[in-house]
Each structure stands twice: as C-alpha cells, then as structure tokens.
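Residue-level listing of the chains:
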Amino acid sequence: MVRVQSFVRHPPRLLFPLLLAAFVLGVPGLADNGLEIPTLGSGPALIREMEIIAIFSAVVIGLNLSYGFAGELALGQAAMFAAGAYVTGMLAIGSIYPHHLNELAITIPASALAAALIGFLSGVPGLRLAGWALAYTSFFLILIIPDMASAFPTQTGSFTGLSPIPDPVLFGQKLDQNGIYWAMTGSVILIFAVFRNMVVSRHGVALQVLRQSPVLASSLGMSVYRIKLMAYVVGAIPAGIAGGFFCYINNFVSPGLFDIYTSIGFIAASVLGGSRTIYGAIVGVVIIEELGPLHTNVFTHFALPLYGVLLLIGGVFLTGGLGGSVGTFLSFFRRRVLHRIPSKMEPREPSLNLGSFNGAQLTISGVNKRFGGVHAVNDVSLKAEPGLVTGIIGPNGSGKTSLLNIVSGFYKLDSGTVTLGDRDITLLQPVTVALAGVARTFQTPAIPEGLSCLQVVGAARYAHDRAGLLPAIFRLPKYRRALKADIEEATRLLEATGLGHLVNREAASLPLGTRRLLEVARALTARPALLLLDEPASGLDVQDVRRLGTLIRATAKAGATVIVIEHNFQMMLEIADVINVLHAGRLIASGTAEEIRVNPAVLESYLGEVVDTADEDAPEPAGAPA
Amino acid sequence: MMTTLYAALFAGALYTTVAIGFNIVFISSGTFNFAQAQYAMLGLWSAWIGLEVFHWNLALVILLGLVVGAAIGFLNERMAIRFLPSKGVHGELVTTVGFSVLITGLAVAAFGNNPQTVHSVLSGNEAITLLGGRVYPYELVMLVVALLIVGGAELLSRHTLLGLAALATAEDRVASILKGINVRRLQLGAYMLAGGLLMAVGPFIAPVTYATTGIGDGLNIKAFVAMSIGGFGSPKGALIGGMSAGLVEALVGRYLNSNFQNLALLILLLAVLMLRPYGLFGERVERAV
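Residues numbered from 1 in each chain as written. Chains lettered and ligands numbered in written order. Predicted model: local features only at pLDDT ≥ 70, side-chain atom pairs only at ≥ 80, totals over all residues.

Bringing the overall build of chain A into the picture now. From N to C terminus, chain A includes 26 helices and 14 strands. Considering only intrachain contacts with a sequence separation of at least 6, the fraction spanning at least 24 residues in chain A is 75%. (Helix = DSSP H or I, 4+ residues; strand = E, 2+ residues; numbered from the N terminus. Contact = placed C-beta atoms within 7 Å.)

Structure (structure tokens):
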C-alpha cells in the first residue's frame, strides 16, 4: 500500500540546520575559548569572517529564489545590497533625518523595505520580457549608484561615503560586538528558515512549474508574471537586510563598495553552491569568500578571470551546483536504498472515482484565425455540451490544435466569439481562461522535472485554492488546509486514473503513456467545467488507449464538458457522442459517430477517395453493423 | 547645441554598432550574448597595439581586429553556448556573463586600469567647427562607419541567402534544421562575425574614448537600451534606438546634470519595456503550444 508522504519534496532533515545554527550562534563563546577554524582564523578575525559569510549567504539565498527557482537572473543584487547599506548608514549617521534613528529594529526593516521597493520598481517593467530584460534593468541599478551618491552629497557623503557608522542599539539597549554578531546571525538564520519554508511549500512547486514551462503554468491558471515578480521582490529583501548589517560591521559605506563585480561574486557563489538549493548558498559563499574575498574590492579585479571560469563551468556542467549534487545523491539514496520504491511504472486499472464536475456549455461561433497567408481556422462554429464527449478530428494541419489554442487563450482569434456557459471568454488571457474553468492537456505532455506525480497533479490546485506567502512561511491553518486538500484531491485523481501507486515517483521519468494519463489527472484535479484533450491517445499502446477511453467517458458522465482532439478514428468512434470534422480549417461535418462514419465528405477527406474498398482499412466502431 | 548633437551622434553610432553585434548573434542563434560589448573594449586595445605600439597601417589593424575577434567569438560560442544543457531555460544567462567577466578580467590583467591615447590615422586630430558646433573629424568618421554597418546588416539580412537563413532560424529553429540549414554552423559563424566586427571598429572608436578596460559595462547596458528601443533583430531599429539613447544621454548631460544621464536612460528603458516591450520594430510572436 502506498504511504502518502508530504506533498512537497522531502524536506531537508532539520537536524543538520539546527546544529549549524547552534554552532553559528555559539561561535563568540567558542572563540573566547580559543576556537580556531582553518582558513577562517580565530578570535575576533573568526567572528568577522563568520559575519561576512552570514551576510553574503543571506544575499545569495535571495538570489537563489529569483534565479534558481524563478529562473530570472537578478544581475543587480548588489544594488539591493547597496540600498540596504545606504538606508541603514543614513539613518544611523542621521544624514537623512535629523534625529538619530540608530535602532536596529528601525534601520534593518527600513533597509529591507528599500530593497523590496527597488526590486518592485525594476521588476515590474523588467519582467515584461522573459530572459534578459530583468538582468539589464537590475544591472542598470548598479550603474547609477555612484551617480545617485554624487547627486545627493549631503545625504550620502558622495564618493567618500558615510563613516564612521556608530554601533546600533536594539530596543534601546546598546549592543556590544557580540550583541551585533548575535543580532546579525540570528536574522540570517531566520531568513534561511523563512526561505526554506517558502521553497518547500506549494509556492516552491509553482515556481518549479513556471520556470520550466510558462505555457503550462498559465494553462493551470498561474500568473507567471505575478509569481516571478513576487519571487524577485522577496529575493531582494534579504539583500537589503544584509546590506544594513554590512554597514555596521564594515563601519563605512561608499559607492566603490558596490559594482557589477560584487553582483558577479554573488552569482558565482549561487551557481557554485547550487542555485536551486537552500543551504548550498552557504557552501558557495564560503568557497568564493576563501577564493577571492567578496568584500574587499581591491581584490575583486584579480578574482575576475576566476569568477568568469567558475560561471562558465557552473553554467555548463554543474547545473545543480555542489549543494545540488549532494542533494540529488541523498534523495537517490533515500529512495532507492532506504525506501525501495517499486519500479513498476505502468498504469493500473483506474478506480474512476472522479467526483462530480460542474460542466458548462462551450459555444464557438464564426471563429477565424490566419497565420500570414494560411487560413488556419475558417469560420468554424460548434458547440460542446456538459456530460458529452465532443470529438474533433481531421488530418494534420486541419486546424484542430489551433482551435483548441484559441479556446484556451494561447492564440488570439481574428474574428468570432467563444463562450463558456454564459461567460464570454473570447480574447481572454490563458490564465483567466484557466481560472474560468478550462483545463487542458498538451500534445507533448508538459511534465516538469524534479517533481513527484503528487506534486505535478496537485499543482493544478495552486491557482484555484489560494493560500498566500505568509500563511505558507508560517504554516498557518489556511495553508495547511490548502495543502491537505492538494494531497487528498491529487491522490484521489491519481487513483481514479490508475496511477495511485505512483504518487511519489518522479513524474518526468515515467513512460509516455503514463505521462499522458498523468496530464489528464492533473487537468481533472482543477475540477474544470471544460476539459480539452489534445491528441491524448497518440503514442499509446492498445491497453492504455482502452483505459484512456474509459476514463474520458467517465469524466463526461461525471458532468464535465469534454472535447477530444484525435487522429485515432477508432477510439473517437467509440468514445465520442458528437464528432466534428475539420478539413483545411473548415468544419466539413458534424454528427454522431454513426453519421460521421458514413458521411461521404468525411470519407473522402479522411480515408481517401476510394470509398468502396475503404472497409478493409477503415476502423470499425465497436458493435456497429458492417 | 551643435556640439552636444555631435557628441550624441558619436555615442549613438557606438551604441548602434554594439547593438548590431547583439542582433547578429540573436537573429542567428536565438541566444543573447552578454559578452558582446566587451569585444568593442578589446577592439580599443587592438587599435592601441596596432597603431600606437607597432605603427601598422590602418587596414592591417582592422584585419587584426577581425581575425582576433572572430577567434574569441569562436571560443565564446564553444565555451558559453554550444555545450549548454538544453533543459534549463536561459542557460546562457550565466555562461555569457561568465565569458564576459573572463575576458574583461584578462584584459585588466594584461592592460591595467589606465587608459591609453590612440590617435586617429584616417583624419586630423584637431577639432573643427561645423555648423556652429565643435566636432572632431574622427567622430564623424565613426558615424559613417556605423551607418555603413547598419546598411550592410540590412542588406545581408534581406538580400542574401545567409541572411535569410539566419532570419528563418530565428523564426523557427526546428523547421530550419529540417530545411537543411546548418544551424550550428550558422550560430558559430554569427558569434565569429559579431566578434570580428566589433573588434575591427576599434580604431574608429579609440580616438574618442581612449583604449580603456572599463568601457565595456556601460557600453553593454546602453547598447541593450538601444536594442530594446529598436526591437530585437532589426538593424534599422538598432540605429534608431542607438541614436535615441545617445541623444537622451547628451541632452540630459547638457541641460540637467551629468549625474542623471544614466538614470534618464534607465527610465527610458523601463518606459519602453512597459509600453512597447517588443520595441518599435520588433514583432510579438504568438506562443505556440
């Protein structure tokens, strides 16, 4: 019997992080007693090194969220760091506000806020285009640091900067060096706990989905833009906090401390430690820190070629980073050696316990779509009713998938209307269409890597049953409820589709037929009013086709409106209540399986002209008179 | 006023040229080469070595730039692009940044941080007065060079088989492979051509900017602004974008405050991304599922 494990990837064991945290907090005491760590030193030097590592680890964990998990390179992470340092510096020195506000409980949150604000302002336009736009808008922020410093000399001290920064108070209590150390490392430990909780939550799974396939994410109702923006802004916050603390331990802030190569150092640490890890950030920072000190700018120029080589090697060979490689090994070990998960991956008989669907009628009327000179969809009108399976057949290039893409919002039609129930969904964005109750599968199954079947299927509920970031970070009841529902629903539909024994398998490594069924299970988990299946049977063996057919019938019977696009004429005749035939963009016939089977226009376009001898090759509907 | 305009035209010509380099690579391979602007930086040093150290003639120095730039372009493609794991989205984000940092770091190690003067050999080194503004003849030479490059790129992309193959590859890589276009060779060729081109123009830029290792990052970002305004993949767009960026920069410097030049360009970039994310001449491509 399959044990239902957690929905999210097996969370890292908490023992190691807790030990590490205890050690980090205990370093001042140990240093007094003569602790010496090779290459990090002893006494005050050791404390200083630990502080630097803590600060940079915080910056890198933020970068991991936006780059590793959300897939957008925040080249300007150093600018967020600088913003945090300047805000704390200006408040501590009193150059921006007449009263001294050198209170950690004020300066550090202010620094975090400044970084988040800058992240938001550069992210809103920067994320409009995937790929490089964000890298450049954030890179630009670094370029203007010296300009801003010299434009506001009384506040920022221009090129010489601000110094000395007085030691802060915390809730009115003056902090000594150890106090600052504890405040700083404590904050960083907290940041790591928050990020860990975020990454191993539903949000982490959503990020994995949208990084690998934005198309899939929007078909599941996830707003790619909004989630990426959230990841980028949240990823900027630790950099702001780290900047604030950096200002105190460095004792001065000046524009020369922050250039593009500071960012490059952070990115190198992220890539080296593994951008898609949590604790890898620390590994990366320790290595970079020892190779070419990040914080002393004098050395960075000598470290440049080295950083370059590290990024090349990291980008090409070490996609998971050092930390990632260890993680992969651990999870392999756990799965194969400790749990011995069976390796049978074929589907079983579906339980067909689907629950009920609130189907809605789909009406397509007078739809046209041209691609340049090709009239892909030519004045097509058709209806699909709840409780029925509506088939669309036609040769390659007849406009089937174009039609489906128009309904689901991926193509903009030239004219015509599409209505779902009594709602007009013409020209809506894919996300909105998905939220209106349309779920779909893809010709090539879109199954993100590194996720279990349970996660892949459960992700379909992310946008429909929302629980925000804060509930996830603090594991509030609202989040727990949503997670529990994810697990229950996903498990139920996996069993309903015959995949119940595969809940914890890595989904992307399953055979094609199983992945197709998995896509159907995922589409059903969103409890859609309209289900669109794009060639679900292609590449399946006879057994799988039969199971799929049963499943599609059962879905319609449970109340959903189902549209199936297929080449498999035989299967279509068996499962469809109504069949529409497309040819060169036009609807040439529409009717029941029996009517379509003998329709001369269909026989000509679909089976070839020689109607008389077609019987030998023509698939026969089950139980139909020959 | 005219003096400001001349400065804007020179800067615009420079940004246009680098943007064309970005475009050549982008059209032919669908990748974006973050290291591209550093070739112009290397071109300044090849001009300094050729003209000031060895006193070679101009043609030889241009040839040197072409050959060395193509060779580095070859390494660029092999090290940062060819062997990328295809699964990761935008894998070249990190690797081309890495290559950029690598060549910048090596240039700093070789040439240090001090700028070196490079004299113009094609024209006089004295400023002249033209239409009421002061301008150095070599600034105008660079403008002509940039216009020639834009014209050449426009001709190449519309009227030669090679250019059409590149456009086809940008449109649909798989279909191009099926039509017999060797997309790998095209990609390698594009990296070599773009590298060679940007290094070869070094002698025309260096009299104004001096040979310096620090110019690459600013050039990189401003050429990106140019490309965003004009739209990815359009030489004409690169010219208009480059000139707009040069003009905004010069006008803000002249009438506002030089501290706000970069800020103004940043705001311009953000505005373009908000209003016309695909640029003036770029086309929005419908997502295929």
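Having seen the model, we can carry on.
This brings us to the overall build of chain B. When you go through chain B residue by residue, the secondary structure sums to 12 helices and two strands. Taken against the 2.2 N^0.38 rule, which gives 19 Å for 289 residues, the C-alpha radius of gyration of chain B at 19 Å falls within 12% of a compact globule. Seen along its three principal axes, the alpha-carbon backbone of chain B occupies a region of about 55 × 45 × 35 Å. Summarising the internal contacts of chain B: among those between residues at least 6 apart in sequence, 74% fall at separations of at least 24. (Rg over C-alpha atoms; globule rule 2.2 N^0.38 Å.)

The next thing to look at is the interface of chain B and chain A. Taken together, the 42 residues of chain B in the interface contact 43 residues of chain A. Those elements that provide at least two residues to the side of chain B that touches chain A are helix H3 (58-82), helix H4 (92-111), helix H10 (216-230) and helix H12 (261-275) of chain B. The element that contributes the greatest number of residues to the side of chain B that touches chain A is H4(B), accounting for 13 residues. Classifying every residue of the side of chain B that touches chain A by side-chain character gives 27 nonpolar, 11 polar and four charged. (Nonpolar A, V, L, I, M, F, W, Y, C, P; charged D, E, K, R; others polar.)

The next thing to look at is the environment of Gly355(A). Residues and elements named next belong to chain A. With respect to the secondary-structure elements, Gly-355 resides in the loop between helix H15 (321-339) and strand E5 (362-371). With 12 C-beta atoms counted inside 10 Å, the residue Gly-355 sits in the exposed group. Each C-alpha atom of the pair Gly-355 and Gly-559 lies 9.3 Å from the other, and the pair is 204 residues apart in sequence. (Buried ≥ 20, exposed ≤ 12 C-beta atoms within 10 Å, placed from the backbone.)

Residues and elements named next belong to chain A. Read from one edge of the open sheet, four strands run E6-E5-E8-E9, paired in antiparallel fashion. Across the chains shown, the open sheet's two edge strands, defined by having one partner strand only, are strand E6 (374-384) and strand E9 (423-424). Pairing of strand E8 (residues 415-420) with E9 involves two bridges; the strand directions are antiparallel. Paired with Thr-419 across the bridge in E9 is Asp-424. (Pairing = 2+ DSSP bridges.)

Glancing now at the pairing of strand E14 (residues 586-591) of chain A. Each regular strand displays side chains that alternate between the two surfaces of the sheet. Residues and elements named next belong to chain A. Bridging between strand E13 (residues 578-583) and E14 involves five bridges; their strand directions are antiparallel. Paired with Leu-582 across the bridge in E14 is Leu-587. Between E13 and the antiparallel strand that follows it, E14, lie two residues; Ala-584 among them carries a positive phi value of about 50°.

In this section: the sheet that holds strand E12 (residues 561-566) of chain A. Residues and elements named next belong to chain A. What the six strands build is an open sheet, ordered E10-E11-E12-E7-E13-E14; its pairing is mixed. The sheet terminates laterally at strand E10 (438-440) and E14, the two strands that pair on one side only. The average angle at which neighbouring strand axes cross in this sheet is 20°, direction not considered. Looking at chain direction, strand E7 (residues 389-393) and E13 are connected through four bridges and run parallel. Opposite Ile-393, over in E13, you have Val-581 as the bridge partner. Contacts between helix H16 (residues 400-407) and the sheet are confined to E7, E10, strand E11 (530-534), E12 and E13, with E11 contributing the most and set at about 150° to the helix. Against the sheet, helix H22 (residues 542-557) contacts E7, E11 and E12, and its axis sits at roughly 150° relative to E12. (Axes fitted to C-alpha atoms, helices over the stretch in contact; angles between N-to-C directions.)

Moving on: the pairing of E11(A). Residue and element names in this part refer to chain A. For E11, the buried fraction is high: five of the five residues fall into the buried class. Taking every second residue as pointing to the same face, both faces of E11 are buried, with Leu-530, Leu-532 and Asp-534 on one and Leu-531 and Leu-533 on the other. Judged from the three bridges that link them, E10 and E11 form a sheet pairing that is parallel. Of the residues in E11, the one forming a bridge with Ala-439 is Leu-531. In this sheet, E12 lies alongside E11 in parallel orientation, the contact comprising five bridges. Looking across to E12, one finds that Leu-533 is bridged to Val-564.

Attention shifts here to helix H2 (residues 43-69) of chain A. All names here are of chain A. Over its 27 residues, H2 runs 37 Å from end to end, which matches the ideal 39 Å to within 8%, given 1.5 Å per residue. A bend of about 30° at Leu-63 is the largest found in H2. Among the 27 residues in H2, 22 count as buried, and that is most of the element. Backbone geometry just after H2 places Gly-71 at a positive phi near 80°. (Expected span 1.5 Å × (residues − 1). Bend = angle between axes of the 7 residues up to and from the residue.)

Glancing now at the packing of helix H5 (residues 132-143) of chain A against H10(B). For any two helices packed against each other, one specifies the inter-axial angle together with the distance between the axes. One can describe the packing of H5(A) onto H10(B) by two numbers: an axis separation of 11 Å at closest approach and a directional angle of 135°. Judged by the angle between their axes, H5(A) and H10(B) are oblique. As H5(A) packs across H10(B), the resulting crossing turns out to be left-handed. Contacts between H5(A) and H10(B) involve Tyr136(A), Phe139(A), Phe140(A) and Leu143(A) from the former and Gly218(B), Ile221(B) and Phe224(B) from the latter. Of the residues that constitute the contact of H5(A) with H10(B), the class distribution is six nonpolar, one polar and no charged. (Parallel < 35°, antiparallel > 145°, perpendicular 65-115°, else oblique. Left-handed = near helix turned anticlockwise from the far one by under 90°.)

For chain B, per-residue confidence averages 88 on the pLDDT scale, and residues scoring 70 or more make up 95% of the total. Here the predicted complex scores 0.87 on pTM and 0.89 on ipTM. (pLDDT = per-residue confidence, 0-100.)

A few words now on the confidence of the model for chain A. Residue and element names in this part refer to chain A. Summing up the model confidence of chain A, the mean pLDDT is 85 and the portion of residues at 70 or higher is 88%. Of all the helices and strands in chain A, helix H26 (residues 614-617) carries the lowest mean pLDDT, 42, while E10 carries the highest, 96. Note that residues 1-6 has pLDDT below 50 and, in this model, eight contacts with residues that lie over four places away or in other chains. In the model, residues 294-299 has pLDDT below 50 throughout and makes 10 contacts with residues more than four positions away in sequence or in other chains.

Moving on: the environment of Gly68(A). Residue and element names in this part refer to chain A. Along the polypeptide, Gly-68 turns up in helix H2. When the C-alpha positions of Gly-68 and Arg-516 are compared, they lie 28 Å apart, and in sequence the two are 448 residues distant. Once residues within four sequence positions are removed from consideration, Gly-68 is found in contact with Ser-270, Ser-275 and Arg-276.

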